[in-house]
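Chain by chain, the residues:
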Amino acid sequence: MSTYDALRKFAPDASQIVRYVYFKSLARAEQELSPIKYKLAPLGEIGRGFFDAIKGVYVAAKERDKASLFMKLYRHGDPKEILELAEKFKNEAFRSTIDDYERGFLICWEIMLATLSSLKQEYPDYPLKDEQQQQQPSQSKTEDEVYEVAPRKKAKNKDKSKSKNTKG
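Residues numbered from 1 in each chain as written. Predicted model: local features only at pLDDT ≥ 70, side-chain atom pairs only at ≥ 80, totals over all residues. Heavy atoms only, no water.

**Thoughts on the overall build of the protein chain**
When its secondary structure is counted, the protein chain shows nine helices and zero strands. Helices (α) and strands (β) of the protein chain occur, in sequence order from the N terminus, as α-α-α-α-α-α-α-α-α. In the protein chain, once contacts between residues fewer than 6 apart in sequence are set aside, the share between residues at least 24 apart is 72%. Working note: accessible area of the protein chain is about 11,000 Å², and carbon and sulfur atoms make up 51% of it. (Helix = DSSP H or I, 4+ residues; strand = E, 2+ residues; numbered from the N terminus. Contact = heavy atoms within 4.5 Å. Areas by Shrake-Rupley, 256 points an atom, 1.4 Å probe, with all protein chains shown as cover.)

Quick look at the structure:
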């Protein structure tokens, strides 16, 4: 069995982490990391590279690292370009000058990018969904401003009552 075939057995694990990240279920992704690491441990360096790629995607999403490759592709990548990059990573993984760690890392990236590409085709607006929801209230401030003013008045009234108590 080739190295590639050995790692392809873990493709569903890597793809599942990407799905969790894509749909912003980071707590679930974190739960899966430990079992995946355990399953990959017998493979040595190649398994460690594979796992580190998975964990890197999770960490980038958790920390909202907009400079990371995965998050850039997640937010703004075109599915076709992401798939082309996945193919480049796959080809790169089989260079003769690459070590096992890098090979595992790149094979995992190939799998994760292929998954990301298909998710972006099926659910193209999902990655920016939160940002779109945050922008809408700021654009229509008429009702929201009225709503926000009322709690502020109540908070100030509480402060006044405290100051009355300290004087008396």
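What follows picks up the thread again.
**Things to note about the nonpolar core**
With 41 residues, the main nonpolar core has Phe-50, Ile-54, Phe-70, Trp-109, Met-112, Leu-113 and Leu-116 as its most contacted residues. For this core, the secondary structure elements donating two or more residues are helix H1 (3–8), helix H2 (11–22), helix H3 (26–40), helix H4 (45–62), helix H5 (69–76), helix H6 (79–92) and helix H7 (100–122). In contact with Leu-116, other than residues within four places in its own chain, are Val-18, Tyr-22, Phe-70, Leu-73, Tyr-74 and Ile-82. (Core = buried A, V, L, I, M, F, W, Y, C linked by side-chain atoms within 4.5 Å. Buried < 20%, exposed > 50% of the residue type's maximum accessible area, 1.4 Å probe, protein only.)

**Topic: unusual backbone geometry**
A positive phi angle, near 60 degrees, is found at Lys-24, a position not held by glycine. Along the chain, Lys-24 falls in the loop between H2 and H3. Positive phi, normally seen in glycine, also occurs at Arg-64, with a value near 50 degrees. As for its placement among the helices and strands, Arg-64 is situated in the loop between H4 and H5.

**As for the environment of Ile-111**
Mapped onto the elements, Ile-111 comes out in helix H7. Ile-111 gets classed as buried once you look at its relative accessible area, which sits at 4%. In this structure, Ile-111 is in contact with Leu-7, Arg-8, Ala-11, Ala-14, Ser-15 and Phe-50, ignoring residues within four places of it in sequence.

**Structural notes on the packing of H2 against H7**
To describe two helices that pack against each other, one gives the angle between their axes and the distance between the axes. Packing of H2 against H7 brings their axes to within 9 Å, and their N-to-C directions diverge by 45 degrees. Between H2 and H7, the interaxial angle falls into the category oblique. Our pair here, H2 against H7, has a crossing hand that is right-handed. Listed contacts from H7 to Ala-11, Ala-14, Ser-15, Val-18, Arg-19 and Tyr-22 of H2 are Cys-108, Ile-111, Met-112, Thr-115, Leu-116, Leu-119 and Lys-120. Residues that form the contact of H2 with H7 fall into these classes: nine nonpolar, two polar and two charged. (Axes fitted to C-alpha atoms, helices over the stretch in contact; angles between N-to-C directions. Parallel < 35°, antiparallel > 145°, perpendicular 65-115°, else oblique. Left-handed = near helix turned anticlockwise from the far one by under 90°. Nonpolar A, V, L, I, M, F, W, Y, C, P; charged D, E, K, R; others polar.)

**Focus on the packing of H4 against H7**
Taken N-terminus to C-terminus, the directions of H4 and H7 make an angle of 45 degrees; their axes are 6 Å apart at the nearest point. Classified by the angle their axes make, H4 and H7 are oblique. Crossing geometry of H4 relative to H7 is assigned as right-handed. Facing H4, whose interface residues are Glu-45, Ile-46, Arg-48, Gly-49, Phe-50, Asp-52, Ala-53, Ile-54 and Val-57, H7 presents Asp-100, Tyr-101, Arg-103, Gly-104, Phe-105, Ile-107, Cys-108, Trp-109, Ile-111 and Met-112. Its residues assigned to classes, the contact of H4 with H7 comprises 12 nonpolar, two polar and five charged.

**A closer look at H2**
Taking 1.5 Å as the rise per residue, H2 with 12 residues should run 16 Å; its terminal C-alpha atoms sit 16 Å apart, in good agreement. Burial analysis of H2 places nine of its 12 residues in the buried class, the great majority of the element. When we look at burial in H2, the residues that qualify are Ala-11, Asp-13, Ala-14, Ser-15, Ile-17, Val-18, Tyr-20, Val-21 and Tyr-22. Packing partners of the buried residues in H2 comprise H1, H3, H4, H5 and H7. A positive phi of about 60 degrees marks Lys-24, the residue just after H2. (Expected span 1.5 Å × (residues − 1).)

Shape is all these values report; function is a separate question.
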